[in-house]
Amino acid sequence: AARISALEGWGAGDYPHVYWMSGFSYPTGFLTALLQTCARANSVSVDVLSWEFTVLEQEDEQGLQAPKDGAFIRGMFLEGARWDIDNGKQQN
């Protein structure tokens, strides 16, 4: 139900400030579209762009404004590791 509600909102032009990554059936397509959008907005080739993931300590999505470039996401999972919230880094 949450996935359908999110997609219906997008269809109506209501874009979220934080995207639910695990709600996508094909998240790679979202990431590719994000690269293409940033490349067009900055008049550069998509080939010169790269990913940078910054983990925010803020869990509350209220008050977040959409970034100039890129996107805020939630629901990203690590495989074979876990995130140490207290120290802000990956644990093996």
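First, a word on scope: everything that follows refers to the structure included in this document. In this text the structure is predicted, and so the values were computed from the model without any measurement.

Let's shift gears to helix 2 (residues 27-41). Look at helix 2: 21 Å from first C-alpha to last across 15 residues, which is about the 21 Å you get at 1.5 Å a residue. Within helix 2, burial applies to Phe-30, Leu-31, Leu-34, Leu-35, Cys-38 and Ala-39. Residues of helix 2 that are buried in the fold lie against strand 1 (18-20) and strand 2 (72-74). The positive-phi residue at the C-terminal boundary of helix 2 is Ser-43, with phi of around 55°.

Next up on the list: the environment of Leu-49. With respect to the secondary-structure elements, Leu-49 resides in the loop between helix 2 and strand 2. On the basis of relative accessibility, which here comes to 28%, the residue Leu-49 falls in the partly exposed class. Considered as a pair, Leu-49 and Asn-87 are 38 residues apart in the sequence and their alpha carbons are 29 Å apart. What Leu-49 contacts, discounting residues up to four positions off in sequence, is Leu-35, Cys-38, Ala-39 and Val-44.

This paragraph deals with the nonpolar core. Grouped together as the largest cluster of nonpolar side chains are six residues: Tyr-19, Met-21, Phe-24, Phe-30, Leu-31 and Leu-34. It is helix 2 that provides the largest number of residues to this core, a total of three residues. Excluding anything up to four places from it in sequence, Phe-30 contacts Tyr-19, Met-21, Phe-24, Ala-71 and Ile-73.

Calculation notes
- Residues numbered from 1 in each chain as written.
- Predicted model: local features only at pLDDT ≥ 70, side-chain atom pairs only at ≥ 80, totals over all residues.
- Heavy atoms only, no water.
- Helix = DSSP H or I, 4+ residues; strand = E, 2+ residues; numbered from the N terminus.
- Expected span 1.5 Å × (residues − 1).
- Buried < 20%, exposed > 50% of the residue type's maximum accessible area, 1.4 Å probe, protein only.
- Contact = heavy atoms within 4.5 Å.
- Core = buried A, V, L, I, M, F, W, Y, C linked by side-chain atoms within 4.5 Å.

Bear in mind that shape data such as this cannot, by itself, settle questions of function.
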